[in-house]
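Structural description and commentary
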Amino acid sequence: MAVLVTKECIGCGACEPVCPFGAIEMKDGKADITVACTQCGACIEVCPVGAIIREEEAKVELAIDKSAYKDVWVYIEVVEGKPKNVGLELLGEGRKLADAMGVKLAGVLIGDKVEGLSKDVFAAGADAVYLVEAPELAHYSTDGYTATFTDLIKTYKPSVILLGATNDGRDLGPRVACRVGTGLTADCTGLGIDEATGLVAWTRPAFGGNIMATILCPEHRPQMGTVRPSVFKRPEPDYSKKGEIIRVASKVKAADIRTKLVEIVRVCTVACNLEEAEIIVSGGRGLGKPENFCYIEDLATVLGGAVGASRAAVDAGWKPHMHQVGQTGKTVGPKIYFACGISGAIQHLAGMSSSDIIIAVNKDPDAPIFKMADYGIVGDLTEVLPILTEEFKKIKAG
Ligand SMILES: Cc1cc2nc3c(=O)[nH]c(=O)nc-3n(C[C@H](O)[C@H](O)[C@H](O)COP(=O)(O)OP(=O)(O)OC[C@H]3O[C@@H](n4cnc5c(N)ncnc54)[C@H](O)[C@@H]3O)c2cc1C
């Protein structure tokens, strides 16, 4: 249960010094409760106008006017000056939601010198871009981006917000949801409109993937959710599309950001960038020993693809978890997915079934993976993969 400041706050500042955790700041003449709040209630006692209340008591006071919330927003995550695929994938789904709701679709671009990316956002289907640029926002920071996104929501009141379930999206989404007093459905695999209520129906696996739960957010706004990369296909870009850029001045100051980016250490090369890869070659327990991953890596290198692994291979310590594909790993959607020595357990399929073409290599002709595969090669992978690698090398050499 959160502690909230109502609009009755007169900005007297009486609450600020009594907070044992330094969790109250005065912002724009009002008290602002930060994430350091432990809900001890010390501030509630001292407020002379009763403007600090617990969320449960606040239901009546804070009942929101839902009709004021319109439009569908997609957070466009930018890394090294480029939009991540997941934001563009979500614009495709956001377009469907916005059309069904009869509202506009907007992308949210936060960063420094990112205006040029607006054309990609419009090409993926957005009607508008909310653009916040400042040197302090050049790199993602929890403090800077949370404050910026929260301000945007409070000012422009979107009805629905979609974010990628990436490291940054998983950090930002819940934090912003908490700040604006709404809920968030994490790791959705399906989005739709609930016919009875007109609300967004957020579908996600529950109880270890044994059931699919559909979640609604009836009482609060915006309705928020994260979706893993590659769950949806990126729409074909149409660069003839134009839209409106809504420039919003950043209120973030360098002193507001409690973390400092010291250095970027790259641990992920092309080989483990599974979410953006067009070709993935994955290996499973059928490799028999970790050294045999060289067959997977050789083929991936020739094809310029990434290296994936089943959970059995990861649990055996043959590959780090960042390579794992599946329900408890990454969800991928490449143009071509090679499953080598992988049986095709449901939890593995959950992470790769949206691949355009699946090619399975397995010595067991009855392996379940062949039911899902577009092409199957029955044979020992230690014999099949070197032949494939050599043939692709020849094709590349022309
Ligand atoms: C809650 C939960 C979450 C899970 N999440 C994931 C997940 O995210 N990702 C995931 O992958 N799994 C996940 N699992 C595990 C999953 O159920 C399977 O156990 C796992 O996918 C099996 O991995 P595998 O296919 O590599 O191994 P196996 O099932 O042992 O299959 C090995 C295959 O290799 C073939 N083979 C053997 N030798 C050769 C050879 N020389 N040449 C060619 N083929 C050969 C065999 O015929 C067999 O089909 C999860 C399980 C649970 C309960």
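Residues numbered from 1 in each chain as written. Predicted model: local features only at pLDDT ≥ 70, side-chain atom pairs only at ≥ 80, totals over all residues. Heavy atoms only, no water.

Now for the overall build of the protein chain. Secondary structure assignment for the protein chain yields eleven helices and 21 strands. The principal-axis extent of the C-alpha atoms belonging to the protein chain is close to 80 × 50 × 45 Å. With 398 residues in all, the protein chain has 45% of them scored as buried. Considering only residue pairs separated by 6 or more positions, the protein chain has 62% of its internal contacts joining residues 24 or more positions apart. Carbon and sulfur atoms make up 54% of the accessible area of the protein chain, which totals about 19700 Å². Distance between charge centroids for the protein chain: 1 Å, based on 43 positive and 51 negative side chains. (Helix = DSSP H or I, 4+ residues; strand = E, 2+ residues; numbered from the N terminus. Buried < 20%, exposed > 50% of the residue type's maximum accessible area, 1.4 Å probe, protein only. Contact = heavy atoms within 4.5 Å. Areas by Shrake-Rupley, 256 points an atom, 1.4 Å probe, with all protein chains shown as cover. Lys, Arg positive; Asp, Glu negative; His and termini not counted. Charge placed at Lys NZ, Arg CZ, Asp CG, Glu CD.)

Time to look at the layout of surface pockets. By volume, the second largest pocket is sized at about 1700 Å³. Lining the second largest pocket are 45 residues, with E77, V79, K84, N167 and D168 positioned closest to its centre. Sorting the residues of the lining of the second largest pocket by element identifies β6 (78–79), β7 (82–83), β8 (105–111) and α6 (167–179) as the ones contributing at least two each. Considering every element that reaches the lining of the second largest pocket, the biggest residue donor is α6, with three residues. (1 Å grid on protein atoms, 1.4 Å probe; cavity = no way out; pocket = protein on both sides within 12 Å on 5 of 7 lines; lining within 4 Å. Points joined across faces, edges and corners; volume = space filled by probe spheres on them.)

Below, the discussion takes up the state of the cysteines. Following the criterion strictly, the structure yields zero disulfides and no others. Residue C43 stays outside any disulfide, its sulfur separated by 6.3 Å from that of C37, the closest cysteine. Note on C43: relative accessible area 8%, which makes it buried. The thiol of C178 is unpaired, and the distance to the nearest cysteine sulfur, on C37, comes to 9.1 Å. Classification of C178 by relative accessible area gives exposed; the value is 54%. (Disulfide = S-S within 2.5 Å.)

In this section: the side chain of T150. Position of T150 relative to the elements: it lies in helix α5 (residues 142–156). Overall, T150 belongs to the buried group, its relative accessible area being 5%. From its side chain, T150 meets the backbone oxygen of T146 in a polar contact 2.6 Å long. Those residues in contact with T150 that lie beyond four places of it in its chain are V176, R179 and V180. (Polar contact = N/O pair within 3.5 Å; in protein donor to acceptor, adjacent residues only side chain to side chain.)

With that out of the way, let us pick up the nonpolar core. In terms of nonpolar packing, the biggest core is built from 29 residues, with L91, L109, L162 and L191 touching the most fellow members. Sorting the residues of this core by element identifies β5 (70–76), α3 (85–101), β8, α4 (118–123), β9 (128–133), β10 (158–164) and β13 (200–206) as the ones contributing at least two each. Once residues lying within four places of it in the same chain are set aside, the contact partners of L191 are E93, L97, L162, A201, W202, V227 and F232. Core analysis: the second largest hydrophobic core is formed by 24 residues, A106, V176, A177 and M224 among them. (Core = buried A, V, L, I, M, F, W, Y, C linked by side-chain atoms within 4.5 Å.)

A complete count under the given rule lists 16 salt bridges for this structure. A salt bridge links R247 to E115, with the nearest nitrogen and oxygen atoms 2.5 Å apart. On the criterion of sequence distance, the pair formed by R247 in strand β16 (residues 244–247) and E115 in the loop between β8 and α4 is long-range, its members being 132 residues apart. On the basis of relative accessibility, which here comes to 53%, the residue R247 falls in the exposed class. In this structure, a network of salt bridges that share partners links the residues R95, D99 and D127. (Salt bridge = Lys/Arg side-chain N within 4 Å of Asp/Glu carboxyl O.)

With that settled, consider empty space enclosed by the protein. This structure, assessed with the given rule, holds four cavities of 30 Å³ or more. When its volume is computed, the largest cavity comes out at roughly 80 Å³. The wall of the largest cavity is formed by 13 residues, among which C19, C37, Q39, C40 and C43 lie closest to the centre. Of the residues assigned to the lining of the largest cavity, the class counts are ten nonpolar, three polar and no charged. A volume near 70 Å³ is recorded for the second largest cavity. Residue lining of the second largest cavity: 13 residues in total, with C9, C12, C15, A31 and C47 positioned closest to the centre. Split into classes, the residues belonging to the lining of the second largest cavity amount to eleven nonpolar, two polar and no charged. (Nonpolar A, V, L, I, M, F, W, Y, C, P; charged D, E, K, R; others polar.)

Next up on the list: the sheet that holds strand β21 (residues 375–378). Paired through their backbone hydrogen bonds, the strands of a sheet run either parallel or antiparallel. One open sheet holds the five strands; their spatial order is β18-β17-β19-β20-β21, and the pairing between them is parallel. The sheet terminates laterally at β18 (306–309) and β21, the two strands that pair on one side only. Going from strand to strand, the sheet's axes swing by 20° on average, the running direction of each strand aside. Where helix α7 (residues 293–303) meets the sheet, its contacts fall on β17 (279–283), β18 and β19 (336–340), and the angle it forms with β17 comes to roughly 175°. Across the sheet, helix α11 (residues 381–397) touches β19, β20 (357–362) and β21, and the angle it forms with β19 is around 150°. (Pairing = 2+ DSSP bridges. Axes fitted to C-alpha atoms, helices over the stretch in contact; angles between N-to-C directions.)

So, about the site of the ligand. Around the ligand, 24 residues are found, and the nearest of them are R285, S310, T328, S343 and N362. In the environment of the ligand, an oxygen atom lies 3.3 Å from a nitrogen or oxygen atom belonging to the backbone of G329. One of the side-chain nitrogen or oxygen atoms of H348 is found 2.8 Å away from an oxygen atom of the ligand. Calculation on the ligand without its partners gives an accessible area of 980 Å², and the protein chains cover 77% of this total. (Near = heavy atom within 4 Å.)

Right, let's talk about the environment of Y69 for a bit. Structurally, Y69 can be placed in the loop between β4 (52–54) and β5. Each C-alpha atom of the pair Y69 and P158 lies 5.1 Å from the other, and the pair is 89 residues apart in sequence. Those residues in contact with Y69 that lie beyond four places of it in its chain are I64, K157, P158, S159, R221 and P222.

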